[in-house]
Amino acid sequence: GARYRLGPELEICGYGCSDHYYESDTLLHSFQVLAKLLESPATQDIICDVGMPFMHKNVRYNCRVIFLNKKILLIRPKMILANAGNYRELRWFTPWSRRRHVEEYFLPRMIQEVTGQEYVSFGDTVLSTKDTCLGSEICEELWAPNSPHIEMGLDGVEIFTNSSGSYHVLRKAHTRVELVNSATAKNGGIYVLANQKGCDGDRLYYDGCAMISVNGDTVSQGSQFSLEDVEVLTATVDLEDVRSYRAEISSRNLAASKVNPYPRVKVNFALSSSDDILSFPVCPPPQDKICFCNETCHHFFFLLAVKGGFLLPLSGGMDSSATACLVYSMYHQVCLAVMNGNQDVLDDVRRVVNDETYTPKDPREFCGRVFTTCYMASENSSEETHARAKLLAEQIGSYHINLNIDRAVKAVIGIFNVVMGKSPRFRVHGGNHRQNLALQNVQARIRLVLAYLFAQLSLWARGMPGGLLVLGSANVDESLRGYLTKYDCSSADINPIGGISKTDLRSFLQYCLENFQLISLRTILSAPPTAELEPLTHGQVSQTDEADMGMTYAELSVFGKLRKIAKAGPYSMFCKLIALWREICTPRQVAAKVKHFFRMYSINRHKMTVLTPAYHAENYSPDDNRFDLRPFLYNTTWSWQFRCIDNQVSKNKFLFGIKAYVMGRTHSQCVYRDEMR
């Protein structure tokens, strides 16, 4: 019974077409779909707002096309394009820069034959119905400081619609909800937002979370993550609430009396009727859930590969355990979806397990069919990690393999000995740093080779069809620091946790412990992170990640946020951290930490060029593919920058400006400081 329908940004062709936007086929097929929509009985007597690319005067625009009863009412091009982070809209589109300007758009013949129209309005205009006025925003325009809804609202627009292609980042959903609600809190109005949902063929996950807000309050909100292909959100709202809300805001009304009017496209149609029954379902703001986001994202890969499932090298540490729990939570959601009658999910599951009669009921049983974990022990592995991996595998139900890599390691070292006449030794056995590092890397890389061997052939050996996708488990902090072996088990087909920080992974494991009763996670959470690549000392692990890195994970998270989010180079980071860490570090200690981080970051930056594809979840991700575009070959001495730091330390002038800086520090900087405490 809805009278206005809104969909997400560029929904006809899909937001993630990338360079396919250059192809004329993309425009052609978009118009073909638009013609089908115009002709469809489902679009009669409801204003439909859909997204697709348009070419106007040989310029490509990202547009909304609004139509009713086989007539196009207007085409509204996007005015503020997203071009930061993972967005590249300026590569494919041009913003419409003429405010309140409308031109005639000549329709292609296939559309003319359906609508009987030759020309329609194209530009910055609003839609005036018999009972209200509607204005469109497109994604980034909501986030801009000069959002169109501000002056639209002052000019009498009562309903704002936003079609978005907003991808998920941890803690972003709360910001999006606040922006929508604040859009109407100061100016009054109804704000309707539709967002893309799912994975669009790259490293991003669009988290849905459609919402409807009235006068600053959320009245209806969709789920942030689900396995449903389509989710419809509706609400019935009272236009008089907007009018009475605005009437008492005198500052708003004074500004409205001076605003330049928008051109209006008038339509003989009403959104309201005399028998409306008001209903205001209130939904709480969403809380980001790593498990639901990743499970849905990787459900896409699960279907795309049409493989027999996943294989994960499970070390018994926090990172690989978090990856295992993500897979388990995904299968948990799959079972719930099947239980709730989702036939599409059931069909996909049956195709993957190659059994047309199978119905998953228990996630542990399902894990045993499609998830293989593998503990690859060496002489440097401890009994504790072996026991932790085994217990976690039992609790999630994965098909678990135990193997020992020592024979393979010795064979590789033996080849080197035969050719070069020397055998490397660990540092504790008299070797140097180069020998020590090489011996660790051999173990790590052999695990990669074995992981792919078992992924290809383990199902064959078990008499089952298909193969497995290999999962990696390197977190965003380790990638930033480069604390991983190039082409080890961090190299895989997919890395579910590649965009997630160690801090968030710890919180996620605690969530799994409490919600899935995976009691093995208690010991995993309490154990110090270790690679277990160096010899044990009296049977106990002597190597820890933080000692190897020369910094804690908490410090590494702060370095990452300052480097990427605060745009800080070595000298700026030093200046900021003097204030942030002044209670726990001397300026000389801060200088040493900053220089060590940048030295290690630049030495290892080349590893980012082969980083396993990972879902984007963190705004300080070092992903070299499209998010964090920087050189991968650095002068690792940072001679000029480090000299500037040393000069400040030696001259004892680090107090310059600190008093003013501390008094004026931002909220986010306070957060960094709280993390360090």
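Definitions and limits used
- Residue numbers here run from 1 along each chain, matching the order of that chain's written sequence.
- Given that the model is predicted, a residue must reach a pLDDT of at least 70 before its local features are reported, and side-chain atom pairs must reach 80 or more before they are shown or counted; all residues, however, enter totals for whole chains, interfaces and linings.
- The side-chain quantities take in all heavy atoms of the structure and omit both hydrogens and water.
- UniProt positions are given in the numbering used here, feature names are shortened, and annotations may be inferred rather than shown by experiment.
- Burial here depends on accessible area, computed with a 1.4 Å probe over protein chains only, as a share of the maximum for the residue type. Under 20% is buried, over 50% is exposed, and the range in between is partly exposed.
- The way it works is that DSSP assigns letters per residue, a run of H or I at least four long becomes a helix, a run of E at least two long becomes a strand, and they are numbered from the N terminus.
- Residues adjacent in sequence count toward polar contacts only when both atoms are side-chain atoms; beyond that, a polar contact is any pair of N or O atoms within 3.5 Å, and within protein one must be able to donate a hydrogen and the other to accept it.
- pLDDT is a per-residue confidence score from the predictor, ranging from 0 to 100.
- Only heavy atoms enter the contact rule, under which two residues are in contact if any of them lie within 4.5 Å.
- Two strands are counted as paired when DSSP detects at least two bridges linking them.
- Axes here refer to lines fitted to C-alpha atoms; in helices the fit is confined to the stretch in contact. Angles between the N-to-C directions go from 0 to 180 degrees.
- What we call a nonpolar core is a set of buried Ala, Val, Leu, Ile, Met, Phe, Trp, Tyr and Cys residues that are connected through their side-chain atoms within 4.5 Å.
- The disulfide criterion used throughout: a pair of cysteine sulfur atoms within 2.5 Å.
- Within this document, salt bridges are pairs made up of a side-chain nitrogen of Lys or Arg and a carboxyl oxygen of Asp or Glu, the two lying within 4 Å of each other.
- Classification of ring pairs uses Phe, Tyr and Trp, with its six-membered ring standing for Trp, and accepts pairs whose centres are within 6.5 Å; under 30 degrees between planes counts as stacked, over 60 as edge-to-face, and the remaining range as tilted.
- Here is how to tell: hold the view so the strands point away, follow the path from the first strand over the helix to the second, and if it runs clockwise the crossover is right-handed.

In the annotation of an unreviewed UniProt entry, the protein chain is listed under the name Glutamine-dependent NAD(+) synthetase and assigned to Sphenodon punctatus. The heading Subunit (unreviewed entry) in the UniProt record of the protein chain holds the text "Homohexamer." Of the protein chain, the UniProt comment under Pathway (unreviewed entry) reads exactly: "Cofactor biosynthesis; NAD(+) biosynthesis; NAD(+) from deamido-NAD(+) (L-Gln route): step 1/1."

Novice: Give a detailed account of helix 11 (residues 343-353), specifying residues and quantitative values.
Specialist: All buried positions along helix 11 are accounted for by Val345, Leu346, Asp348, Val349, Arg350, Val352 and Val353. Between the side-chain oxygen of the N-cap and the backbone nitrogen of aspartate 344 there are 3.2 Å, and the N-cap of helix 11 in question is asparagine 342. One or two steps after helix 11, the chain reaches asparagine 354, where phi turns positive at roughly 60°.

Novice: Let's hear about unusual backbone geometry: which residues, and what values?
Specialist: Not every positive phi belongs to a glycine, and serine 18 is a case in point at roughly 55°. Here serine 18 shows up in the loop between strand 1 (4-6) and helix 1 (24-39). On the basis of relative accessibility, which here comes to 23%, the residue serine 18 falls in the partly exposed class. You will see that lysine 567, though not glycine, has its phi angle at about 55°, which is positive.

Novice: So what about the confidence of the model for the protein chain? Which residues, and what values?
Specialist: Averaged over every residue, the pLDDT of the protein chain is 87; residues scoring 70 or more account for 91%. Every residue in residues 277-286 scores below 50 in pLDDT, and together they form 25 contacts with partners more than four places removed in sequence or on other chains. Across residues 656-677 the pLDDT falls below 50, and counting only partners more than four positions away or on other chains, this stretch makes 28 contacts in the model.

Novice: Mind laying out the sheet that holds strand 15 (residues 264-266), listing which residues take part and the relevant values?
Specialist: Within the open sheet, the 7 strands sit side by side as 14-13-10-9-8-7-15. Their pairing is mixed. The sheet terminates laterally at strand 14 (217-221) and strand 15, the two strands that pair on one side only. Strand-to-strand twist across the sheet, computed as the mean angle between neighbouring axes with direction ignored, equals 25°. Examined bridge by bridge, strand 7 (residues 126-128) and strand 8 (residues 133-138) share 2 bridges and lie antiparallel to one another. Directly across from leucine 127, in strand 8, lies its bridge partner leucine 134.

Novice: Requested: an account of the sheet that holds strand 16 (residues 310-313), with residues and values cited.
Specialist: The sheet built from 4 strands is open, its strands ordered 18-17-16-19 with parallel pairing. Strands with a single pairing partner mark the edges of an open sheet, and in this sheet they are strand 18 (399-404) and strand 19 (469-470). Judged from the 6 bridges that link them, strand 17 (residues 371-377) and strand 18 form a sheet pairing that is parallel. Bridge assignment links tyrosine 375 to a residue of strand 18, and that residue is asparagine 402. Along the sheet face, helix 10 (residues 318-339) touches strand 16 and strand 17 and points at about 155° away from the line of strand 16.

Novice: Tell me about the nonpolar core, and name the residues and values.
Specialist: Of all hydrophobic cores here, the largest spans 53 residues; its most connected members are Phe310, Tyr331, Phe366, Phe371, Leu392, Leu518 and Leu521. Listing elements by their share of this core, those giving two or more residues are strand 16, helix 10, helix 11, helix 12 (363-370), strand 17, helix 13 (383-396), helix 17 (502-516) and helix 18 (521-526). It is helix 10 that contributes the most residues to this core, 13 residues altogether. In terms of nonpolar packing, the next biggest core, distinct from the first, is built from 29 residues, Val476, Met551, Phe559 and Ile578 among them.

Novice: How would you summarise the state of the cysteines if you had to cite specific residues and measurements?
Specialist: This structure, assessed with the given rule, holds 0 disulfides. Of the cysteine sulfurs around cysteine 133, a residue in no disulfide, the closest is that of cysteine 48, at 19 Å. Under the relative-accessibility criterion, cysteine 133 is labelled buried at 5%. Summary of cysteine pairing: cysteine 575 is not part of a disulfide, and the nearest cysteine sulfur, belonging to cysteine 644, is at 9.3 Å.

Novice: Lay out the pattern of salt bridges in plain terms, naming residues and giving numbers.
Specialist: Going through the model one piece at a time under the given rule, you end up with 24 salt bridges. Across the pair aspartate 348 and arginine 351 runs a salt bridge, and its minimum N-O distance is 2.9 Å. Placement of the pair is aspartate 348 and arginine 351 together in helix 11, with a separation of 3 residues, close to one helical turn. Judged by relative accessible area, which is 14%, aspartate 348 ranks as buried. On the basis of relative accessible area, arginine 351 is assigned to the partly exposed category, the value being 41%.

Novice: Run through the packing of aromatic side chains, naming residues and quoting values.
Specialist: In this structure the tally under the stated criterion is 26 aromatic pairs. When the ring of tryptophan 96 is compared with that of phenylalanine 122, the centres are 5.4 Å apart and the planes differ by 75°; the resulting orientation is edge-to-face. One end of the pair, tryptophan 96, is in the loop between helix 2 (89-92) and strand 5 (102-106); the other, phenylalanine 122, is in strand 6 (residues 119-123), with 26 residues separating them in the sequence. The interplanar angle of 35° and the centroid separation of 6.1 Å between the aromatic rings of phenylalanine 160 and tyrosine 191 together place this pair among those described as tilted. With phenylalanine 160 in strand 9 (residues 159-164) and tyrosine 191 in strand 10 (residues 190-195), this pair connects stretches of sequence that are 31 residues apart. By relative accessible area, which is 0% here, phenylalanine 160 ends up buried.

Novice: I'd like a rundown of the pairing of strand 10, residues and numbers included.
Specialist: By the criterion of burial, strand 10 is predominantly enclosed, with 6 of the 6 residues buried. Residues Ile190, Val192 and Ala194 point to one face of strand 10 and Tyr191, Leu193 and Asn195 to the other, with burial holding for every one of them. Pairing analysis gives 6 bridges linking strand 9 to strand 10, with the strands arranged parallel. Bridge pairing links asparagine 162 to leucine 193 in strand 10. Following the chain from strand 9 across helix 6 (residues 172-185) to the adjacent parallel strand 10, one finds a crossover that is right-handed.

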